[in-house]
Amino acid sequence: MTSLRVVGFSGSTRRPSRTRTLVEAIAKQVARRRAIRLELYDLTDAGPDLGAFTRDALRPGAASIVRALETADALIVGTPVYKGSYTGLFKHLFDFVDPAALAGTPVILSATGGGTRHSLITEHQLRPLFGFFEALSMPTSVYASDGDFRDGAITAPALLKRIDQAAAELAAFAEPSRSAHPVGRVA
């Protein structure tokens, strides 16, 4: 069986971060179910290369992340919550993604925040964003708050169960076919 090329993207500007820990935990559960080739990126990997207004002006760091997102077999996307939404730089990076490139791409939506009041970000912010791209957001999204972590690790049983559910959905659904189609999916 061909391995699935999964790109994990954390919209955090810091490393280490709870958001990256969450994305990694989800990827680990997907890998328990099927062979994957995982590429992990943080928003900080784009660094100053993200300071562009057009895709043609992107510098190498940001451009390589955009290409990785566009050509993945599946995505695991996470963002920290700031003021009730994803970060501006997270959105800025996705503004450079070709609108047709993620069509049909399975994606797990995840987010981290200080408390439970931000838990609907995945439904009210991320799901519409990836709906615009015609990506196939998995039914189960994952939200983690500060209380779900202890010493940098996820410890909350309910969160671990939700991660497992989202990973099972992606593992069952995704197919390793996007590598042959650098932009968009041919059906």
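Let me sum up the structure you'll find in this document. Source: prediction; values computed, not measured.

## So, helix α3 (residues 60-71)
Item 1. If you check α3, its first and last C-alpha atoms are 16 Å apart, about what 12 residues at 1.5 Å a residue would give, namely 16 Å.
Item 2. Of the residues making up α3, those classed as buried are G61, A62, A63, I65, V66, A68, L69, E70 and T71.
Item 3. In this structure, the buried side of α3 is in contact with β1 (4-10), β2 (36-42), α2 (43-46), β3 (74-80) and α4 (88-95).

## Overview of the nonpolar core
Item 1. F9, L69, L93, F94 and F130 are the most contacted members of the largest nonpolar core, which has 32 residues in total.
Item 2. Taken together, the elements giving at least two residues each to this core come down to β1, α2, α3, β3, α4, β4 (106-113) and α5 (121-132).
Item 3. With 6 residues, the single largest contributor to this core is α3.
Item 4. With residues near it in sequence (within four places) discarded, F94 still touches F9, L69, V77, L102, F130 and F133.

## Concerning the pattern of salt bridges
Item 1. Overall, the coordinates contain 12 salt bridges when judged by the stated rule.
Item 2. Across the salt bridge formed by D95 and K91, the nearest N and O atoms sit 2.4 Å from each other. Pair noted here: D95 and K91 are both in helix α4, with a separation of 4 residues, about one helical turn.
Item 3. Residue D95 is classed as partly exposed on the basis of its relative accessible area of 46%.

Criteria and cut-off values
Residues numbered from 1 in each chain as written. Predicted model: local features only at pLDDT ≥ 70, side-chain atom pairs only at ≥ 80, totals over all residues. Heavy atoms only, no water. Helix = DSSP H or I, 4+ residues; strand = E, 2+ residues; numbered from the N terminus. Expected span 1.5 Å × (residues − 1). Buried < 20%, exposed > 50% of the residue type's maximum accessible area, 1.4 Å probe, protein only. Contact = heavy atoms within 4.5 Å. Core = buried A, V, L, I, M, F, W, Y, C linked by side-chain atoms within 4.5 Å. Salt bridge = Lys/Arg side-chain N within 4 Å of Asp/Glu carboxyl O.

Keep in mind these numbers describe shape, not what the thing actually does.
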